[in-house]
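Here's the letter readout for the chains.
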Amino acid sequence: MAPARFQPSSIKNKIKREEVSRKLKKSKSQAKLQKRLDQAKVEAKDPAAKKKRISENVPRTLDNTREADPAMLSAAGPSSAQHAEFSNDIASDPFADYFNFTQDPTIPPKVLITTSAKASKGTYEFCDELVGVFPGAEFIRRKKGKGFEMGRIAGWAAGRGYKHLLVVNEDMKKPSLLSRPSLLSKTNVFLDAITLVYLPNGPMAYFKLTSIELTKQIYGHARATPHNPELVLNNFSTTLGHGVGRMFQTLFPPLPEFQGRQVVALHNQRDFLFFRRHRYAFRSPEKVALQEIGPRFTLKLRWLKRGLPAVQNFGASPDALEISVGTEEMKPPEPLPVSNPPKDNEYIWRWKPELETTRKTFFL
């Protein structure tokens with residue numbers, strides 16, 4: 001029978017109990033230190049032992065202990081059936097034309113950037129940053145009159161060669177969450193979401209927007225150049241994540257200009273998409289330095305729908321325009337030459353609180 005483990009709590013005298021407990025704790029820490037020193041001596045003579053220890057000593061995190069998802073593509077490679085299904089999905093998805101290189105890969109896709117109605121000053125500043133991020137982006141200020149629904153704007157843009165419609169939303173009209181509020185101007189920033197529409201036939205995605213930090217708020221930031229940047233998509237491991245990643249990939253030209261040394265990174269961690277833009281410089285054949293350009297922000301997917309944004313009363317006679325006092329009279333949008341918006345949309349995927357059964361449930 002194994003001897004019972006000695007417990008300092010069994011000592012009745014308080015002073016003696018604290019002394020014994022302190023000595024026991026000190027002896028344990030010294031034993032741990034001696035063990036690490038001995039291990040370091042062994043690994044100094046045998047580097048393979050150190051590599052083996054590091055490979056086996058993997059901490060348990062929420063990322064590497066996530067719940068199994070049937071749509072997840074394993075790192076070792078999908079099975080033959082899963083690979084065939086995934087290949088068919090890629091060949092038939094709306095982004096297949098972009099990856100078939102049917103157009104000049106050096107020409108950036110045209111991106112129309114706009115805002116929700118009656119946007120604030122901070123939203124326009126953020127849109128200026130986005131115009132500098134996407135090479136083919138163009139900002140058009142949204143008019144205040146009725147008849148400029150998102151579906152009509154998407155159809156108008158599709159008829160004029162645009163490949164994306166990006167709308168910066170101010171849904172809640174409350175100051176948004178920013179990384180450094182003290183560095184902002186006196187005006188409040190209300191932007192809280194981004195709607196990304198792939199033209200001419202969809203799909204469209206809605207992202208919650210948080211942790212915004214403009215270029216001027218980043219200390220020691222680099223200056224951007226007009227070169228086409230490289231794109232890094234990290235940790236998109238499910239079929240839904242691959243679809244979202246391919247959608248972001250179509251915002252940039254297939255062939256980057258490497259002489260610009262600019263890289264845009266979209267890192268997925270626990271379904272939060274962290275956007276960063278850097279310039280890299282080779283300090284030596286072994287070392288590379290990074291200098292952030294900006295901006296920074298975080299996205300979280302809320303839903304993914306088929307087709308263009310719906311317009312409930314499309315085809316009906318439009319109401320009279322409401323013109324604000326002091327503004328010039330504006331004309332309603334021209335008839336859509338190519339794409340007509342639908343009257344309803346079908347969800348491909350939609351986030352709901354009940355889907356997150358545990359903290360280890362992720363979808364991208």
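Look above for the structure.
To keep things clear, this report deals only with the structure shown in the data block. (Residues numbered from 1 in each chain as written. Predicted model: local features only at pLDDT ≥ 70, side-chain atom pairs only at ≥ 80, totals over all residues. Heavy atoms only, no water.)

### Here we look at empty space enclosed by the protein
Okay, so step 1: Applying the stated criterion across every chain yields a total of 3 cavities of 30 Å³ or more.
Okay, so step 2: Each pocket or cavity is described by its volume, and for the largest cavity that value is around 130 Å³.
Okay, so step 3: Forming the boundary of the largest cavity are 16 residues, of which F134, F248, L251, F275 and L299 lie nearest the centre.
Okay, so step 4: At the level of elements, strand 4 (193–198), strand 6 (230–234), strand 7 (262–269) and strand 10 (296–305) are the ones that each hand at least two residues to the lining of the largest cavity.
Okay, so step 5: Grouping the amino acids of the lining of the largest cavity by side-chain chemistry returns 16 nonpolar, no polar and no charged. (1 Å grid on protein atoms, 1.4 Å probe; cavity = no way out; pocket = protein on both sides within 12 Å on 5 of 7 lines; lining within 4 Å. Points joined across faces, edges and corners; volume = space filled by probe spheres on them. Helix = DSSP H or I, 4+ residues; strand = E, 2+ residues; numbered from the N terminus. Nonpolar A, V, L, I, M, F, W, Y, C, P; charged D, E, K, R; others polar.)

### With respect to the nonpolar core
Okay, so step 1: Counting residues in each nonpolar core, the largest one holds 38 residues, and the members touching the most others are F126, F134, F207, F248 and L273.
Okay, so step 2: Aside from chain neighbours lying at most four places away, what touches L273 is F207, F236, V244, F248, L266, H267, N268, F297, T298, L299 and L364.
Okay, so step 3: Core analysis: the second largest hydrophobic core is formed by 17 residues, F148, I153, V197 and M204 among them. (Core = buried A, V, L, I, M, F, W, Y, C linked by side-chain atoms within 4.5 Å. Buried < 20%, exposed > 50% of the residue type's maximum accessible area, 1.4 Å probe, protein only. Contact = heavy atoms within 4.5 Å.)

### Details of the pattern of salt bridges
Between side chains of opposite charge, pairing is possible as soon as their charged atoms come close.
Okay, so step 1: For the structure shown, the criterion picks out 8 salt bridges.
Okay, so step 2: Among the salt bridges present, the one from K23 reaches E19, with a minimum N-O distance of 3.3 Å. Of this pair, K23 and E19 both sit in helix 1 (residues 14–45), 4 residues apart, which is roughly one turn of the helix.
Okay, so step 3: On the basis of relative accessibility, which here comes to 53%, the residue K23 falls in the exposed class.
Okay, so step 4: A residue is classified by how much of its surface remains accessible, and E19, at 29% relative accessible area, is partly exposed.
Okay, so step 5: Between R270 and D63 there is a salt bridge, with its nearest N and O atoms 3.6 Å apart. In this pair, R270 is assigned in the loop between strand 7 and strand 8 (272–282) and D63 in the loop between helix 2 (47–56) and helix 3 (80–92), connecting sequence segments 207 residues apart.
Okay, so step 6: Accessibility expressed as a relative area gives 27% for D63, which makes it partly exposed.
Okay, so step 7: Overlapping salt bridges, with partners in common, bring together E213, E292 and R296 in one network. (Salt bridge = Lys/Arg side-chain N within 4 Å of Asp/Glu carboxyl O.)

### Brief notes about the side chain of S237
Okay, so step 1: Mapped onto the elements of the fold, S237 is located in the loop between strand 6 and helix 7 (239–249).
Okay, so step 2: For S237, a relative accessible area of 15% gives the class buried.
Okay, so step 3: At 3.2 Å, the side chain of S237 and the side chain of R66 are in polar contact.
Okay, so step 4: Residues contacting S237, with those up to four places away along its chain left out, are R66, A71, M72, L73, H242 and L364. (Polar contact = N/O pair within 3.5 Å; in protein donor to acceptor, adjacent residues only side chain to side chain.)

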